[in-house]
Amino acid sequence: MPSLFEPIELGSIYAKNRILMAPLTRARGTREHVPTPIMAEYYAQRAGAGLIISEATGISREGLGWPYAPGLWSQEQVEAWKPITAAVHAKGGKIVAQLWHMGRMVHSSVTGQQPVSCSATKAPEALHTYDGKQAPEVARPLTKEDIARILNDYENAARNALQAGFDGVQIHAANGYLIDEFLRDGTNHRSDEYGGSPENRIRFLREVTERVIATIGADKTSVRLSPNGDTQGCIDSHPEQVFVPAAKLLNDLDIAFLELREPGPNGTFGKTDQPKLHGPIRKVFRKPLVLNQDYTREEAIETVATGVADAIAFGRPFLANPDLVHRLEDNLPLNKDDIRTWYSQGAEGYTDYPLAQ
């Protein structure tokens, strides 16, 4: 039986264990979305993970509305990422960049532009800005020319990620952001070839993934989906009809791995009674499958040992436990994180959590 603590190959990446660090927005960049030196210490502290998936990283100014989040569209950002990836590698770790377009989940006061999405909808709740939370704005529906431009942005960001020293990328197609908005019938109201049938709603995901693969290779490309439930107002009425075919498509494209974030009835980031889909997806996706959302140590060990998944991604436990792999392997108690410091600037609640004794 495979063990959570055994190595695994994720495309071209040799991961020393099957514990992945999930992407965690921490807002330690600059107002111009440039990474800062403290981020090198933070990620290096967590290099014990088999693979670190970076915090969501913007592919363009249009698509990045989270204050102080980093981007990957400019050469200045590339240069600022280089010491961070080098610090992870120096500690024996691996790290991929999660590529992010937030779609309708941005505010014009941050991006300087009206939000965009597949259709003219708006986020369900107030959005983070530099001046506190502000009411959402109606998104401008993307034209086909816009879609072509955004595909170029994904290509540019993927190329920049490798130049910055990342071992690959993860396409963020989950959590109610742009690609997810295209996938789900609750947000996609288009009548052209990008809307309507599940095949049409998958089209944008396919085109993004194909473009990234053409740029850096399938063995360095992964995808994150969140198939079940409502995430930031984004939901599908029959998720199995779109996400199982989407997983089959990704399998056929030969991506390195697929991560699923699946909340349950008592989830910490969204709650839902919609069934989890990793079972049906496992039947059509033959490459490494990574599951995420509120796994305990015991659940993670069993899930990998029984072959339900090949690895588990942990999010919030990594906030306060830079040595999480050691703590899980030796069954040591975990530090508690401080929600006040999740998105604050500086070292408090970021690089100052103690290691296990």
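Here the residue numbering is sequential within each chain, running from 1 through the sequence in written order. Totals for whole chains, interfaces and linings use every residue, but because this is a predicted model, local features are given only for residues with pLDDT of at least 70 and side-chain atom pairs only at 80 or more, for both listing and counting. Computation of side-chain values covers all heavy atoms of the structure but excludes hydrogens and water.

As annotated in an unreviewed UniProt entry, the protein chain is Alkene reductase from Acetobacter aceti NBRC 14818. Quoted verbatim from the Sequence similarities (unreviewed entry) field of the UniProt record, the comment on the protein chain reads "Belongs to the NADH:flavin oxidoreductase/NADH oxidase family." UniProt positions are given in the numbering used here, feature names are shortened, and annotations may be inferred rather than shown by experiment. In its Cofactor (unreviewed entry) section, the UniProt record describing the protein chain reads: "FMN".

Student: Got a sec to walk through the packing of aromatic side chains? Specific residues and values, please.
Tutor: In summary, the pairing rule links any two rings of Phe, Tyr or Trp, Trp by its six-membered ring, whose centres are within 6.5 Å, and it sorts them by plane angle into stacked for under 30 degrees, edge-to-face for over 60 and tilted for everything else. Scanning the model with the defined rule gives nine aromatic pairs in all. Relative to tyrosine 130, the ring of tyrosine 68 lies with its centre 5.0 Å away and its plane at 90 degrees, an arrangement referred to as edge-to-face. Of this pair, tyrosine 68 sits in the loop between strand S4 (51-58) and helix H2 (75-90) while tyrosine 130 sits in the loop between strand S6 (116-117) and strand S7 (140-141); the two residues are 62 residues apart in sequence, bridging distant segments of the chain. Per-residue accessibility, obtained with a 1.4 Å probe over protein chains only, is compared with the maximum for each type, and a residue is labelled buried under 20%, exposed over 50%, and partly exposed between these values. Using a relative accessible area of 23% as the deciding quantity, one classes tyrosine 68 as partly exposed. Pairwise contacts between aromatic rings join Tyr42, Tyr43 and Tyr350 into one cluster. Secondary structure is summarised from DSSP: a helix means a run of H or I of at least four residues, a strand means a run of E of at least two, and numbering begins at the N terminus for each.

Student: So what's going on with the UniProt feature "domain: NADH:flavin oxidoreductase/NADH oxidase N-terminal" (unreviewed entry) in the protein chain? Residues and values would help.
Tutor: On the UniProt side, "domain: NADH:flavin oxidoreductase/NADH oxidase N-terminal" (unreviewed entry) is annotated at positions that read residues 3-335 here. As a span, residues 3-335 carries 34% helix and 15% strand, and end to end its C-alpha atoms are 24 Å apart.

Student: Residue-level account of the pairing of strand S9 (residues 221-225), with values.
Tutor: Of all five residues making up S9, five are buried, and the element is well covered by its neighbours. Side chains Thr221, Val223 and Leu225 project from S9 onto one buried face, and the interleaved Ser222 and Arg224 project onto a second face that is buried too. Of the pairings in the sheet, the one linking strand S8 (residues 169-172) to S9 comprises four bridges and is parallel in character. Of the residues in S9, the one forming a bridge with isoleucine 171 is valine 223. Of the crossover connections in this fold, the one passing from S9 over helix H7 (residues 239-252) to the parallel strand S10 (residues 257-261) is right-handed. When DSSP finds at least two bridges between two strands, those strands are taken to pair. Here a crossover is taken to be right-handed if, once the strands point away from the viewer, the path from the first strand over the helix to the second is traced clockwise.

Student: Lay out the sheet that holds strand S5 (residues 95-100) in plain terms, naming residues and giving numbers.
Tutor: Pairing within the closed barrel is parallel, and its eight strands lie in the order S3-S4-S5-S8-S9-S10-S11-S12. For this sheet, the mean angle separating the axes of adjacent strands, direction not counted, is 25 degrees. In this sheet, S10 lies alongside S9 in parallel orientation, the contact comprising four bridges. Note on S10: the bridge partner recorded for leucine 225 is leucine 260. Every axis corresponds to a line fitted to the C-alpha atoms, with the helix fit spanning only the stretch in contact, and the corresponding angles, defined between N-to-C directions, vary from 0 to 180 degrees.

Student: Talk me through the packing of helix H1 (residues 38-45) against H2; I want residue IDs and the actual numbers.
Tutor: Viewed as axis vectors pointing N to C, H1 and H2 meet at an angle of 25 degrees, and their least axial separation amounts to 8 Å. When the axes of H1 and H2 are compared, the pair comes out roughly parallel. For H1 against H2, the interelement crossing comes out right-handed. When H1 is examined against H2, the residues Met39, Ala40, Tyr43 and Ala44 are found in contact with a partner set consisting of Trp81, Pro83, Ile84, Ala87 and Val88. Three classes are used: nonpolar for Ala, Val, Leu, Ile, Met, Phe, Trp, Tyr, Cys and Pro, charged for Asp, Glu, Lys and Arg, and polar for all others, with Gly counted as polar. In terms of residue class, the contact of H1 with H2 is made up of nine nonpolar, no polar and no charged. In these notes the angle categories are as follows: under 35 degrees is roughly parallel, over 145 is roughly antiparallel, 65 to 115 is roughly perpendicular, and the rest is oblique. Here a crossing is called left-handed whenever its near helix is offset anticlockwise from the far helix by less than a right angle, and right-handed whenever the offset is clockwise. We call two residues contacting when some pair of their heavy atoms lies within 4.5 Å.

Student: Give a detailed account of the environment of valine 88, specifying residues and quantitative values.
Tutor: Structurally, valine 88 is set in helix H2. Sequence separation of valine 88 and glutamine 98 is 10 residues, and the distance between their C-alpha atoms is 16 Å. Discounting chain neighbours no more than four positions away, the residues touching valine 88 are Tyr43, Ala44, Ala47, Ile52, Gly93, Lys94 and Ile95.

Student: How would you summarise unusual backbone geometry if you had to cite specific residues and measurements?
Tutor: Backbone geometry places histidine 33, a non-glycine residue, at a positive phi of 65 degrees. Position of histidine 33 relative to the elements: it lies in the loop between strand S3 (19-21) and H1. Classification of histidine 33 as buried rests on a relative accessible area of 1%.

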